[in-house]
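The residues making up each chain are set out below.
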Amino acid sequence: PFLLMAFAFIAGGGVISIVGHQGFLQQASHTLQIRLAIWQFGWESAIHHPLIGLGFGGWLLAWPQYASQIGLSPTLPPHNTLLIGLAESGFPALVLSATMIVSILGLGVRALSSWDKRVAAFGLALLGGYGWVHACPIALPVVVTFWPR
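Residues numbered from 1 in each chain as written. Predicted model: local features only at pLDDT ≥ 70, side-chain atom pairs only at ≥ 80, totals over all residues. Heavy atoms only, no water.

A look at the overall build of the protein chain
Thinking step 1. Looking only at helices and strands, the protein chain has five helices and zero strands in total.
Thinking step 2. Reading the helices (α) and strands (β) of the protein chain from amino to carboxyl end gives α-α-α-α-α.
Thinking step 3. By residue count, 21% of the 149 residues in the protein chain fall in the buried class.
Thinking step 4. A sequence separation of at least 24 residues applies to 59% of the contacts in the protein chain between residues at least 6 apart. (Helix = DSSP H or I, 4+ residues; strand = E, 2+ residues; numbered from the N terminus. Buried < 20%, exposed > 50% of the residue type's maximum accessible area, 1.4 Å probe, protein only. Contact = heavy atoms within 4.5 Å.)

Concerning the packing of aromatic side chains
Each aromatic ring pair is specified by the distance between its two centres and by the angle formed by the two planes.
Thinking step 1. Per the stated rule, a full pass over the model turns up six aromatic pairs.
Thinking step 2. Arranged with centres 5.7 Å apart and planes meeting at 85 degrees, the rings of Trp43 and Phe91 form a pair that is edge-to-face. One end of the pair, Trp43, is in helix α2 (residues 24-48); the other, Phe91, is in helix α4 (residues 81-112), with 48 residues separating them in the sequence.
Thinking step 3. We classify Phe91 as partly exposed; its relative accessible area is 28%.
Thinking step 4. An aromatic cluster of at least three residues, connected via ring pairs, comprises Phe41, Trp59, Trp63 and Tyr66. (Phe/Tyr/Trp six-rings, centres within 6.5 Å; stacked < 30°, edge-to-face > 60°.)

So, the pattern of salt bridges
Thinking step 1. Overall, the coordinates contain one salt bridge when judged by the stated rule.
Thinking step 2. The shortest N-O distance in the salt bridge between Asp116 and Arg118 comes to 3.8 Å.
Thinking step 3. Owing to a relative accessible area of 32%, Asp116 belongs among the partly exposed residues under this scheme. (Salt bridge = Lys/Arg side-chain N within 4 Å of Asp/Glu carboxyl O.)

Here we look at α4
Thinking step 1. In a regular helix each residue adds 1.5 Å, so 32 residues correspond to 46 Å; α4 covers only 24 Å between its end C-alpha atoms and thus falls short of that length.
Thinking step 2. The largest bend in α4 amounts to roughly 145 degrees and is located at Ser89, with the proline Pro92 lying one to four residues further along.
Thinking step 3. Regarding α4, the residues found buried are Leu83, Gly85, Leu86, Ala87, Glu88, Gly90, Ala93, Ser97, Ile101, Gly108 and Ala111.
Thinking step 4. Capping of α4 at its N-terminal end is provided by Asn80; its side-chain oxygen lies 2.8 Å from the backbone amide nitrogen of Leu82. (Expected span 1.5 Å × (residues − 1). Bend = angle between axes of the 7 residues up to and from the residue. Polar contact = N/O pair within 3.5 Å; in protein donor to acceptor, adjacent residues only side chain to side chain.)

Have a look at this one:
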């Protein structure tokens, strides 16, 4: 309970300071518009190629052309594990990815709530590891691919 309260206090303070920043709502609205365009591209890719998607690496090939047509940066990443799975590998990959994510998170939460400290530590490590791995595979290839040369 103490850790949860501390987290809520710190997170709440961060949210208040961010929202109080001038221009935050304008920047958030602009970012949302970009995300909506990215999501639309991912969805349209899946609709046109529902079973196999664009193929591995298809996002990096197809997005720049789409982005230039609508006036966005051709280097924007999908920002979403499920979206990239759907766009590059179709609806079967979306189902499998969502099942895997729910399974990992469910196991981590169940383990974290265990009375056995070792099992709870495993749950914490599993959830922390998932958070780390979830963020890095999306960011690293994009940084490597689009890093200025």
